[in-house]
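# Geometric and topological summary
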Amino acid sequence: MFSVEFIRVLKFALQSIFRNFRLSVVTVVIIILALFSISFLSVFNLLAQHVMDMVENKTNVYIDLTANATNEQAAILIEELKKLSAIQEAVFITPAETLEQFKERHQNDALMLESLEALEGNPFTGSILLSVYNIDDFPVILNELSKKDYAQYLEIEDREFTDSKLLIEKISEYSKKIQRFGLAISLLFLLISAMVVFNTIQVKILTHREEIGIMRLVGASNSFIRFPFLIEVLIYSFVAVIILMILVYPLLALSQPYIDNFLKEYSVSLVSLVNHNFFLLFGIQFLAAMVITIVSSLVAVRRYIKV
Amino acid sequence: MIKFQKVSKYYKPNVTALKDIDLHIESGEFVSIVGQSGTGKTTLVKLIIAEERPSIGQIVIGGWDITNINNREVPYLRRQIGVVFQDFKLLSKKTVFENIAFALQTCGAPKNKIHHIVPQVLKIVGLEEKGDRYPYQLSGGEQQRVVIARSLAHKPKLLVADEPTGNLDSINTNEIIDLLKKINKLGTTVVLVTHNRDVVNSLKKRVITIDQGQVIGDQSRGRYVL
Ligand SMILES: Nc1ncnc2c1ncn2[C@@H]1O[C@H](COP(=O)(O)OP(=O)(O)OP(=O)(O)O)[C@@H](O)[C@H]1O
Ligand SMILES: [Mg+2]
């Protein structure tokens, strides 16, 4: 019994969709636009979060020793540094190791290697590789290091810390701006699509007013009369999300070069970012579409179908 | 079958459609309701099918007190009353068969029941051969017979017809009235709202006359008096 009724409701919903097909198409397009702005916002958030994580995790930094620092002094220094609670690890890198690493990094750069050969001996001093738990602790550690008497062995150059800090600040500033913009656009589109869905359902109800009148007269239950219009918008939501899924991937691929160019070494594959968060992302889309369409069609149904 | 007790209906505080109506219609009766335009006949019908609620008084239909019936229950009342209304004609894109089936489909009747009932009611109205036609392929009288057939789909104990002969010529009118009489003979209570003097006079059944929202005449073998 239930299934018979359900099939009929579904049939009426489909009839309603196809009876005014152009209107249905426009409605789906508007829903897609709204979802698209939400997608943009979500992907942007994921991206910003990803970059922040990467920058924050980059908590390794080299501190160069002065040329007159001996290995013993370096060892004592490292012991001292390890006592600081903010420091996770401190490792001594000898001048020879630094040279090796440099050669390795520039192995394809013949000119650089040549000029290195031209120098007599090892131009590098030793250094200490510091890793900290939190990038925010760098200034504190710096301060500590420059106060102590072993400051004479260190060539403190805090450019690298400030760079990271600046980058993080910039990212969070930009992302806040873009988030606000994206949120405003999303809300606007959601509002517009709610109004369009409301209007569509209103028109559909009016096109069906004869049927609805007869249904009421012969004793069709209220839910039977109303349900097709809810099913109809559910189908719109579903179709919109599917189309969005199909459109999103090519768009991600298209914007990848720009992202790479902009973020450089912090860049990430947008497709894998989206795939990692697939259910969250499209779940949100589907939920947003459902809420918007169901609510506005319920309002329309309540308003235009008298019971 | 129908019991009105001191029923009044105001549309707005200043529009009195019906006033102090006391009415008893027994099971199996054939009752005509007559009266001038705007005196409240349609309002009476709307109260019977709970399209409107009384402002004052009590209404009982087939033992069911529908005075304060809630919206959820209205469909179940409607499935027990056949209604012929001026406003609700046939769906032009559906055949005769489909029009009647529609009434059953939307109330959740299974397919085999629909295929059993539709030919049955078409037979009652004498259109069993014309189930495949579309409304525009029928005469006005035939269309109205299909509307009546549709109202019989739920096998109602009560049939309420508001001006079923409104736009019909006298031959078609007589056919419709004969059909209503036949339905009444089959055991259904019939309430007929009409303007038509000849119909009422030839029926020789109970006539209730309404004027300005009040019952001013109720005769068991009545004539059209206004
Ligand atoms: N929905 C409504 N709102 C306000 N007034 C109404 C409404 N429906 C009917 N009326 C008024 O109530 C009165 C009775 O109307 P009703 O339709 O019952 O008359 P009627 O006897 O059926 O007339 P007719 O013979 O022309 O069909 C009229 O004065 C009408 O204007
Ligand atoms: Mg009327």
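Note that this is a predicted model, so its numbers are computed, not measured. (Residues numbered from 1 in each chain as written. Chains lettered and ligands numbered in written order. Predicted model: local features only at pLDDT ≥ 70, side-chain atom pairs only at ≥ 80, totals over all residues. Heavy atoms only, no water.)

In this complex, chain A contributes 20 residues to the contact, which on the side of chain B involves 26 residues. When the two sides are added together, the surface that chain A and chain B hide from each other amounts to roughly 2,000 Å², 59% of it contributed by carbon and sulfur. Linking chain A with chain B are 1 salt bridge. The partner of B:E51 in a salt bridge is A:R216, with the nearest N and O atoms 2.9 Å apart. Between chain A and chain B we count 7 residue pairs in polar contact (both at pLDDT 80 or more) in total. Listing elements by their share of the side of chain A that touches chain B, those giving two or more residues are α1 (2-19), α8 (209-218) and α9 (222-263) of chain A. Across the side of chain A that touches chain B, the residue classes break down as 10 nonpolar, 4 polar and 6 charged. (Contact = heavy atoms within 4.5 Å. Buried area = accessible area lost by both parts, 1.4 Å probe. Salt bridge = Lys/Arg side-chain N within 4 Å of Asp/Glu carboxyl O. Polar contact = N/O pair within 3.5 Å; in protein donor to acceptor, adjacent residues only side chain to side chain. Helix = DSSP H or I, 4+ residues; strand = E, 2+ residues; numbered from the N terminus. Nonpolar A, V, L, I, M, F, W, Y, C, P; charged D, E, K, R; others polar.)

With that settled, the discussion passes to the environment of A:L14. Residue and element names in this part refer to chain A. Topologically, L14 is positioned in helix α1. Looking at L14, the relative accessible area reads 36%, which means it is partly exposed. Sequence separation of L14 and I235 is 221 residues, and the distance between their C-alpha atoms is 8.9 Å. (Buried < 20%, exposed > 50% of the residue type's maximum accessible area, 1.4 Å probe, protein only.)

All names here are of chain A. Along the chain, T293 falls in helix α11 (residues 278-304). In this structure the side chain of T293 is engaged in a polar contact, spanning 2.9 Å, whose partner is the side chain of S237. If sequence neighbours within four positions are ignored, T293 has contacts with I31, V197, V233 and S237.

A few words now on the pairing of strand β9 (residues 206-211) of chain B. Residue and element names in this part refer to chain B. In terms of burial, β9 is a largely internal element, 5 of the 6 residues being buried. Across 5 bridges, the pairing between strand β3 (residues 30-35) and β9 is parallel. Across the sheet, the residue bridging to V34 is T209, located in β9. With 5 bridges connecting them, β9 and strand β10 (residues 214-219) associate as antiparallel partners. The partner of V207 across the bridge, within β10, is Q219. (Pairing = 2+ DSSP bridges.)

Residue and element names in this part refer to chain B. Pairing within the open sheet is antiparallel, and its 4 strands lie in the order β2-β1-β4-β5. Since the sheet does not close on itself, it has two edges, and those belong to β2 (15-25) and β5 (64-65), each with one partner. Pairing geometry for strand β1 (residues 2-12) and strand β4 (residues 56-61), over 5 bridges, is antiparallel. Paired with K3 across the strands is V60, a residue of β4. Helix-sheet contacts for helix α1 (residues 41-48) involve β1, β2 and β4, and the interaxial angle to β1 is about 115 degrees. (Axes fitted to C-alpha atoms, helices over the stretch in contact; angles between N-to-C directions.)

What follows is about the domain arrangement of chain A. Along its sequence, chain A is carved into domain 1 (2-55 + 166-304) and domain 2 (67-152). A straight line from the C-alpha centre of domain 1 of chain A to that of domain 2 of chain A covers 54 Å. (Domains from an automatic or database assignment.)

Moving on to the sheet that holds β3(B). Residue and element names in this part refer to chain B. Taken in spatial order, the 6 strands of this open sheet run β6-β7-β8-β3-β9-β10, and their pairing is mixed. Each having just a single partner strand, β6 (81-84) and β10 make up the two edges of the open sheet. Averaged over neighbouring strand pairs, the angle between their axes works out to 15 degrees when direction is ignored. Here β3 pairs with strand β8 (residues 189-193) via 4 bridges, running parallel. Bridge assignment links V31 to a residue of β8, and that residue is V191. Sitting on the sheet, helix α5 (residues 140-151) touches β6 and β7 (158-162), and the angle it makes with β6 is about 160 degrees. Packing of helix α6 (residues 170-185) onto the sheet brings it into contact with β3, β7 and β8, and relative to β8 it is tilted by some 155 degrees.

Counted by the stated rule, this structure contains 10 salt bridges over all chains. A:E232 is paired through a salt bridge with A:K204; the nearest N and O atoms lie 3.3 Å apart. Here A:E232 is found in helix α9, whereas its partner A:K204 is found in helix α7 (residues 159-207), with 28 residues between them in sequence. Pair check on accessibility: A:E232 and A:K204 agree, each one buried. In this structure, a network of salt bridges that share partners links the residues A:R216, B:E51 and B:R78.

Along its 14 residues, helix α4 (residues 111-124) of chain B runs 20 Å from first to last C-alpha, staying within 8% of the 20 Å computed at 1.5 Å per residue. Once α4(B) ends, the next one or two residues include B:G126, with phi positive near 75 degrees. (Expected span 1.5 Å × (residues − 1).)

Residue and element names in this part refer to chain B. Burial within β7 is extensive, with 5 of its 5 residues counted as buried. Where burial is concerned, the two faces of β7 agree: the one with L158, V160 and D162 and the one with L159 and A161 are both buried. As paired elements, β6 and β7 share 4 bridges and run parallel to each other. Bridging across to β7, I81 finds its partner in L158.

A few words on the site of ligand 1. Residues and elements named next belong to chain B. In the vicinity of ligand 1, 13 residues are found, and the nearest of them are S37, G38, K41, T42 and T43. Contact between ligand 1 and S37: an oxygen atom at 2.5 Å from a side-chain N or O atom of the residue. Measuring from an oxygen atom of ligand 1, one finds a backbone N or O atom of G38 at 2.8 Å. Expressed as a share of its isolated accessible area of 630 Å², the protein-covered part of ligand 1 is 64%. Of all the secondary structure elements, the ones that give two or more residues to the shell around ligand 1 are β2 and α1. It is α1 that contributes the most residues to the shell around ligand 1, 3 residues altogether. (Near = heavy atom within 4 Å. Areas by Shrake-Rupley, 256 points an atom, 1.4 Å probe, with all protein chains shown as cover.)

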